[in-house]
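A look at the structure
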Amino acid sequence: MRLVFLGPPGAGKGTQAARLQEKYRIPQLSTGDMLRAAVKAATPIGLDAKVIMDAGGLVPDEIVVGIVADRICEPDAKSGFILDGFPRTVNQAEALARMLRARNMDLDAVIELKVDEAALLARIEQRVKDSIAGGAAVRADDNPEAFKARLDAYHAQTAPVSAYYAEKGSLKTIDGMAPVDAVSEAIAKALGG
Ligand code: AMP
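Read on for an overview of the structure. (Residues numbered from 1 in each chain as written. Predicted model: local features only at pLDDT ≥ 70, side-chain atom pairs only at ≥ 80, totals over all residues. Heavy atoms only, no water.)

1. Let's talk about the site of the ligand
Note the cut-off: Any residue with a non-hydrogen atom lying within 4 Å of a molecule or strand is treated as near it. Within 3.5 Å is the distance limit for a polar contact, defined as a pair of N or O atoms, with the added protein rule that one can donate a hydrogen and the other accept it, and that residues adjacent in sequence qualify only through two side-chain atoms. With residues, only the protein chains shown are counted as cover, and all accessible areas are computed by Shrake-Rupley using a 1.4 Å probe. Elements are defined by DSSP. Helices are runs of H or I of four residues or more, strands are runs of E of two residues or more, and each kind is numbered from the N terminus. Side-chain classes follow a simple rule in which Ala, Val, Leu, Ile, Met, Phe, Trp, Tyr, Cys and Pro form the nonpolar group, Asp, Glu, Lys and Arg form the charged group, and the remainder, Gly included, forms the polar group.
Near the ligand there are 16 residues, and of these Thr31, Arg36, Gly57, Gly85 and Arg88 occur at the shortest range. Contact between the ligand and Thr31: a nitrogen atom at 2.8 Å from a side-chain N or O atom of the residue. Contact between the ligand and Val59: a nitrogen atom at 3.1 Å from a main-chain N or O atom of the residue. About the coverage of the ligand: the protein hides 96% of its 480 Å² of free accessible area. A total of four residues in the shell around the ligand trace back to one element, the largest contributor, which is helix 2 (residues 31-40). Here the shell around the ligand is built from residues that sort into six nonpolar, five polar and five charged.

So this is what it looks like as structure tokens:
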């Protein structure tokens, strides 16, 4: 099973992708997590990405495409993967299609979580509270200014990716405002059980 999750920041992509990872025993590949790891390890990519990420912008396509191209060749991704946070531009979606075609692979589905954007800032604020309560680090881009930039980037560059996949017939749109379990059920149904 090869899946892509689309949706604005705070839509619940990470939460739902983590659930599917357990269900299908395929890895959740979050480009945000991979980039944060690169920032933490202070690799050359991480050093370049940090400023952009902290401001809520998008890291250049060639960097993210390179990271994903390497990651999907790892042994654990052989029988499938869930891409969370990638592709975020039509250019990335086209690069992904080329990568998969070169390996005689295809996506099984693209799941888009639709949410009421007015509720998103509240969700991000809750994520910050949960992180603090759980003793976890708060993301540098989970603040109102960076969040607004992330939402703007989503509208300008990622929303067209939904149209790209809708045209290909692989887009499954799910109501992301429902309770977490109901969203999981709707996804399972969309994937055929
Ligand atoms: P996320 O954890 O998916 O919210 O991603 C956090 C940040 O990482 C984003 O705001 C971007 O700066 C960067 N990022 C993650 N995935 C991508 C991507 N596919 N393309 C460009 N930038 C990305």
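Here the narrative resumes.
2. Side note on the pairing of strand 3 (residues 81-84)
Here is the rule: Using a 1.4 Å probe on the protein chains alone, a residue whose accessible area is under 20% of its type maximum counts as buried, one over 50% counts as exposed, and one in between counts as partly exposed. Strand pairing requires that DSSP identify at least two bridges connecting the strands.
Side chains of strand 3 alternate between two faces, with Phe81 and Leu83 and Ile82 and Asp84 buried alike. In this sheet, strand 3 lies alongside strand 2 (residues 28-30) in parallel orientation, the contact comprising three bridges. The residue bridging Leu29 from the neighbouring strand is Leu83, located in strand 3.

3. Focus: the packing of aromatic side chains
Where we set the bar: Two aromatic rings, drawn from Phe, Tyr or Trp (for Trp, its six-membered ring), form a pair once their centres lie within 6.5 Å of each other, and the interplanar angle then sorts them: stacked below 30 degrees, edge-to-face above 60, tilted otherwise. Geometrically, a lysine NZ or arginine CZ counts as sitting over a ring once it is within 6 Å of the ring centre and also within 35 degrees of the ring normal.
All chains considered together, the criterion is met by one aromatic pair. Measuring from ring centre to ring centre gives 5.0 Å for Tyr164 and Tyr165, while their planes differ by 80 degrees; the resulting arrangement is edge-to-face. Of the residues examined, Tyr164 reaches a relative accessible area of 15% and is grouped as buried. Residue Tyr165 is classed as buried on the basis of its relative accessible area of 3%. Above the face of the Tyr164 ring, Lys168 is positioned so that its terminal group lies 4.7 Å from the ring centre.

4. Things to note about the pairing of strand 4 (residues 109-114)
Burial analysis of strand 4 places five of its six residues in the buried class, the great majority of the element. Judged from the four bridges that link them, strand 1 (residues 2-6) and strand 4 form a sheet pairing that is parallel. Paired with Val4 across the strands is Val110, a residue of strand 4. Relative to strand 5 (residues 171-175), strand 4 runs parallel, the two sharing five bridges. Within strand 5, the residue paired with Val110 across the bridge is Leu171.

5. Concerning the packing of helix 6 (residues 120-133) against helix 7 (residues 144-168)
The line we're drawing: For helices, the fitted line uses only the C-alpha atoms of the stretch in contact; every axis is such a line through C-alpha atoms, and the angle between N-to-C directions lies from 0 to 180 degrees. Orientation is classified from the angle alone, with under 35 degrees giving roughly parallel, over 145 giving roughly antiparallel, 65 to 115 giving roughly perpendicular, and any other angle giving oblique. The hand of a helix crossing depends on one turn: near helix anticlockwise from the far one by less than a right angle means left-handed, and clockwise means right-handed. In what follows, residue pairs with any heavy atoms lying within 4.5 Å of each other are defined as contacts.
Orientation of helix 6 relative to helix 7, taken along the N-to-C sense of each, is 130 degrees, at an axis distance of 11 Å. By the angle between their directions, the pair helix 6 and helix 7 is classed as oblique. Both helix 6 and helix 7 take part in a crossing whose hand is right-handed. Contacts between helix 6 and helix 7 pair Leu120, Leu121, Ile124 and Arg127 from the former with Pro144, Phe147, Arg150 and Leu151 from the latter.

Interpretation note: all reported values are geometric properties and have no functional meaning in isolation.
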